[in-house]
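Residue-level structure breakdown
In case you want the letters, here they are:
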Amino acid sequence: MELLTIGAFARASRLSPKALRLYDELGLLRPARVDPHSGYRHYAPAQLERARLVAWLRRLGMPLARIREVCELAPAAAAEAVAAYWAQVEADTAARRDLAAFLVDQLSRKDPTTMTASSTPLTLRAAARTDRGLVRPANQDAAHAGHRLLAVADGYGPDGAAAATTAIDALRHLDADDRPDLPPADLLAALEEAAGHAHQALRDAPAAAGPTGGGSMPGTTGTTLTALLQRGGRLGLLHIGDSRAYVLRDTGLIRLTQDHSFVQSLIDEGRLTPEEAPAHPQRALLLRSLDATTDVAPDVTLLEVRPGERYLLCTDGLTGVVPPETLQQVLATAAGPDEAVTELIALAREAGAPDNVGCVVADVRAERTTEVAAA
């Protein structure tokens, strides 16, 4: 069979010679023959089908590593792989669209012409609850719903329950600080300082350090921590680990946190889909948390808030079994925070509740008194 030069093959496949050389180096599309003296690449006409498939998949934006996997599959399996990839793209696009709407809303709130009048105090009406679930022998989650502070923590290891409680206890004093005009930088600094105190308390605990060390490895004790602190029209968000924070606004349910987990890193790299994450054997492995062996590195964010918004803080015992669309439905229809928390816990149990469940739901209200319901 007569071979095609790289130039002729490039024209026939609509791939550039530069791309063909790259795909050769990556083992994605090897030439049929390479001249031993000149190094010129030659391709067989039968390779055009694979080359065109590569070109089409690149137009879809599929990563090269994933294209290599698809090209090795039988046609039916390859079709399923392309469909799964595109479903992920659409889901990611929807998530980015929601995030864009959230950012537009957040930034517009910083405009003095659109800001809520500072004379109207904003308060929280909140409810918190934890549940052991149906499988775990003990409850290592902790939750807090205060006048100004909301927090959840998911402990792990031999003394995980104590670690979660210690982390939240280190933040409780922030509820007593009633300065409504606390500057944004001081608000975030207060949260970081409290996280530092929690970290030190875990270091000082006699049984905190396990024999292996390092994040959520077996034998260690630690906890996740996600908290919101309200001052005036602002919320400070503190986050470390894989518990989550959401806000329900007129633009929909927006996730405010990014998991500090191994599976999330695989999703970010395109090596794992969100649908595959719950079944991954290392889904519980954290890259960041509060423990006695590693440095504390929380994310802190400032949010502008308005009356009518509803916030959810929860551990992965809820998000691992209840999908986002169901979370949104419950938050949008529940009469109040207490009803929302009760229904979310019930849904987790209906789904098998393989892990402890902790959640806090809070409504932002324009009023001078704060109602708190904690269960």
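Our subject is the structure listed above.
Residues numbered from 1 in each chain as written. Predicted model: local features only at pLDDT ≥ 70, side-chain atom pairs only at ≥ 80, totals over all residues. Heavy atoms only, no water.

1. Details of helix α10 (residues 324–333)
For α10, the full list of buried residues reads Leu327, Val330 and Leu331. Buried residues of α10, seen end-on, are gathered within an arc of 95° and therefore sit on one face of the element. Away from the buried face of α10 by more than 90 degrees, exposed residues Glu325, Gln329, Ala332 and Thr333 are located. Where α10 is buried, its residues touch β10 (244–249), β11 (252–255), β14 (310–314), α9 (316–319), α11 (337–350) and β15 (357–366). (Buried < 20%, exposed > 50% of the residue type's maximum accessible area, 1.4 Å probe, protein only. Helix = DSSP H or I, 4+ residues; strand = E, 2+ residues; numbered from the N terminus. Arc of directions from axis to C-beta. Contact = heavy atoms within 4.5 Å.)

2. Brief notes about the pattern of salt bridges
Overall, the coordinates contain 14 salt bridges when judged by the stated rule. Two residues, Arg249 and Glu309, come together in a salt bridge whose shortest N-O distance is 2.7 Å. Highlighted residues: Arg249 in strand β10 and Glu309 in the loop between β13 (299–304) and β14, separated in sequence by 60 residues. The residue Asp259 makes a salt bridge to Arg255 at a minimum N-O spacing of 3.3 Å. Exposure remark for Asp259: the relative accessible area of 9% places this residue in the buried category. Take Arg255: its relative accessible area is 30%, and that puts it in the partly exposed class. Each of the salt bridges in this network shares a partner with another, and the network as a whole consists of Asp24, Arg30 and Arg41. (Salt bridge = Lys/Arg side-chain N within 4 Å of Asp/Glu carboxyl O.)

3. Some words on the nonpolar core
Counting 25 residues, the largest nonpolar core has Leu171, Leu174, Leu225, Leu238 and Leu290 as the members making the most contacts within it. Looking at this core, the elements with two or more residues in it are β6 (149–156), α6 (160–169), α7 (184–204), β8 (225–231) and β9 (234–240). At 7 residues, the largest contribution of residues to this core is made by α7. Apart from residues lying up to four places away in sequence, Leu225 is in contact with Val152, Ala153, Ala167, Ile168, Leu171, Leu238, His239, Ile240 and Leu290. (Core = buried A, V, L, I, M, F, W, Y, C linked by side-chain atoms within 4.5 Å.)

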